[in-house]
Amino acid sequence: MVQKHFRILTINPGSTSTKIGVFEHGKLLMEETIRHDRELLSKYDAIIAQYQFRKQTILEALDRNGINLSKLAAVVGRGGLLRPIPGGTYAVNEAMLEDLRTGYSGQHASNLGGILAYEIASQLNIEAFIVDPVVVDEMEPIAKVSGFADVERKSIFHALNQKAVARQVAAEFGKSYEELRFIVVHMGGGITVGAHVNGRVIDVNNGLHGEGPFSPERAGTVPAGDLVSLCFSGEYYADEIMKKIVGQGGLVGYLGTNDAVEVETRIAKGDERAELVYEAMAYQIAKEIGAAAAVLKGKVDAIVLTGGLAYGKQFVSKITDRVQWIGDIIVKPGENELQALAEGALRVLRKQEEAKVYRIDM
Ligand SMILES: Nc1ncnc2c1ncn2[C@@H]1O[C@H](COP(=O)(O)OP(=O)(O)OP(=O)(O)O)[C@@H](O)[C@H]1O
Ligand SMILES: CCCC(=O)O
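Small disclaimer: the values here were computed from a predicted structure and weren't measured.

Description of the site of ligand 2
If you check the shell around ligand 2, you find Arg78, His108, Val134, Ile156, Phe157, His158, Gly190, Gly207, Leu208 and Arg218 and nothing else. Within the contact set of ligand 2, an oxygen atom lies 3.4 Å away from a side-chain nitrogen or oxygen of His108. Relative to its unbound accessible area of 220 Å², ligand 2 is 97% covered by the protein chains. Here the residues of the shell around ligand 2 are counted per class, giving 4 nonpolar, 4 polar and 2 charged. Built from parts of two domains, the shell around ligand 2 gets at least three residues from each of domain 1 (7–138 + 337–357) and domain 2 (159–333).

As for the packing of helix α2 (residues 51–64) against helix α4 (residues 111–124)
Axis separation between α2 and α4 bottoms out at 10 Å; the angle between their running directions is 60°. Judged on the interaxial angle alone, α4 and α2 are oblique. In this structure, α2 meets α4 at a crossing whose hand is right-handed. Taken together, the residues of α4 that come into contact with α2 (itself represented by Tyr51, Arg54, Lys55, Ile58 and Leu59) are Leu112, Ile115, Leu116, Glu119, Ile120 and Gln123.

Comments concerning the packing of aromatic side chains
For the coordinates displayed, the defined rule picks out 4 aromatic pairs. Centroid distance Phe173 to Phe182: 6.1 Å. Interplanar angle 65°. Geometry classified as edge-to-face. Judged by relative accessible area, which is 0%, Phe182 ranks as buried. Against the face of Tyr104 rests Arg83, its NZ or CZ located 3.6 Å from the ring centre.

Here we look at the nonpolar core
Side chains that are nonpolar tend, in soluble globular proteins, to be buried together. If you look at the biggest cluster of nonpolar residues, it comprises 35 residues, and the most contacted ones within it are Ile183, Met187 and Ile289. Broken down by secondary-structure element, the contributors of at least two residues to this core are β7 (181–187), β8 (191–197), α9 (250–255), α10 (260–268), α11 (272–295), β10 (302–307) and α12 (313–323). No other element matches α11, which puts 10 residues into this core. Sequence-distant contacts of Ile183, defined by excluding residues within four places in its chain, comprise Val193, Gly194, Ile289, Ala292, Ala293, Leu296, Val300, Ala302, Ile303 and Val304. Core analysis: the next-biggest nonpolar cluster, separate from the first, contains 34 residues, Leu81, Leu82, Leu116 and Val134 among them.

Basis of the calculations
- Residues numbered from 1 in each chain as written.
- Chains lettered and ligands numbered in written order.
- Predicted model: local features only at pLDDT ≥ 70, side-chain atom pairs only at ≥ 80, totals over all residues.
- Heavy atoms only, no water.
- Near = heavy atom within 4 Å.
- Polar contact = N/O pair within 3.5 Å; in protein donor to acceptor, adjacent residues only side chain to side chain.
- Areas by Shrake-Rupley, 256 points an atom, 1.4 Å probe, with all protein chains shown as cover.
- Nonpolar A, V, L, I, M, F, W, Y, C, P; charged D, E, K, R; others polar.
- Domains from an automatic or database assignment.
- Axes fitted to C-alpha atoms, helices over the stretch in contact; angles between N-to-C directions.
- Helix = DSSP H or I, 4+ residues; strand = E, 2+ residues; numbered from the N terminus.
- Parallel < 35°, antiparallel > 145°, perpendicular 65-115°, else oblique.
- Left-handed = near helix turned anticlockwise from the far one by under 90°.
- Contact = heavy atoms within 4.5 Å.
- Phe/Tyr/Trp six-rings, centres within 6.5 Å; stacked < 30°, edge-to-face > 60°.
- Buried < 20%, exposed > 50% of the residue type's maximum accessible area, 1.4 Å probe, protein only.
- Lys NZ or Arg CZ within 6 Å of the ring centre and 35° of its normal.
- Core = buried A, V, L, I, M, F, W, Y, C linked by side-chain atoms within 4.5 Å.

Written out as structure tokens, the structure is:
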């Protein structure tokens, strides 16, 4: 049977950039990272207020690259902080737009993904989707118990890249994602470690709000009692503490940079503090992998290391040194989020999968 050549626009909004790609038949036609001036973005009082400006820059980039919008079959954006939902491709609907606009589960640049996809698609009378948003929640009930009765653990992680990489490795094994057991470690500005069983992420650290290993920009798990004392010391406003956890935590807090390459340069010049902190980040990641191995009862088909930090050979070897007894380690540096968005939309357009419907009672 001849496959239709669906042309798809993909949009991945980040805190300082918007990445876009156009795919046809799953192959990349064009890709551009539109960098936004930090000062310009800071003039908007909420992330959501940046939507009109970002939409304009996307349309200009498409025009610059000679992309004929009338040939698009769908637009797909990286989904945001919605209510907890199972993984998959979702059609953008009113309920979703409302939650993204009001920031129902919080503010995150990816909240703009669904909105931008919808606004561009509706003008062209085509479909808009999101795929595997950061709130994908497939956690087992046991994993949700935090030990503090007022607080339930949440699933907020790099679902799009973790699932895309897991599918890729499964295909390389000649098997389907749904047959395998992986520990996937996304190591970017934030770090999340997911226990994947038969296509579901049954446990994962909440990468955004103070859980798991520290990362270039996130504090990870912080000793709770000391954090409470700091909160009530009278020295900080709530948003200042939150910034110390997200954005200015981890490497930024200790070393003033989120750039691991710069940290490696400092270590090479003999900076002992940088060496200790960098080693500690690898140590905490290894501990989290050990925890995920316990979740999987030691039956692990592979540990997959991905994200920008996976380019760092020394960093990767600091981790593998501590966890290679658990199973095979596969390194997939960087992220393939635009491709993963395109593939998610394509599965629906080709009718291999049905688009899921987002509801507020999910
Ligand atoms: N060759 C390299 N060696 C070591 N570290 C690297 C290398 N290239 C990039 N990094 C580091 O990877 C980190 C950024 O990773 P990445 O680009 O995946 O993050 P992001 O997309 O900004 O955030 P997130 O993945 O959390 O959404 C930075 O600390 C960067 O310095
Ligand atoms: C993707 C959620 C985690 C993070 O932003 O670090």
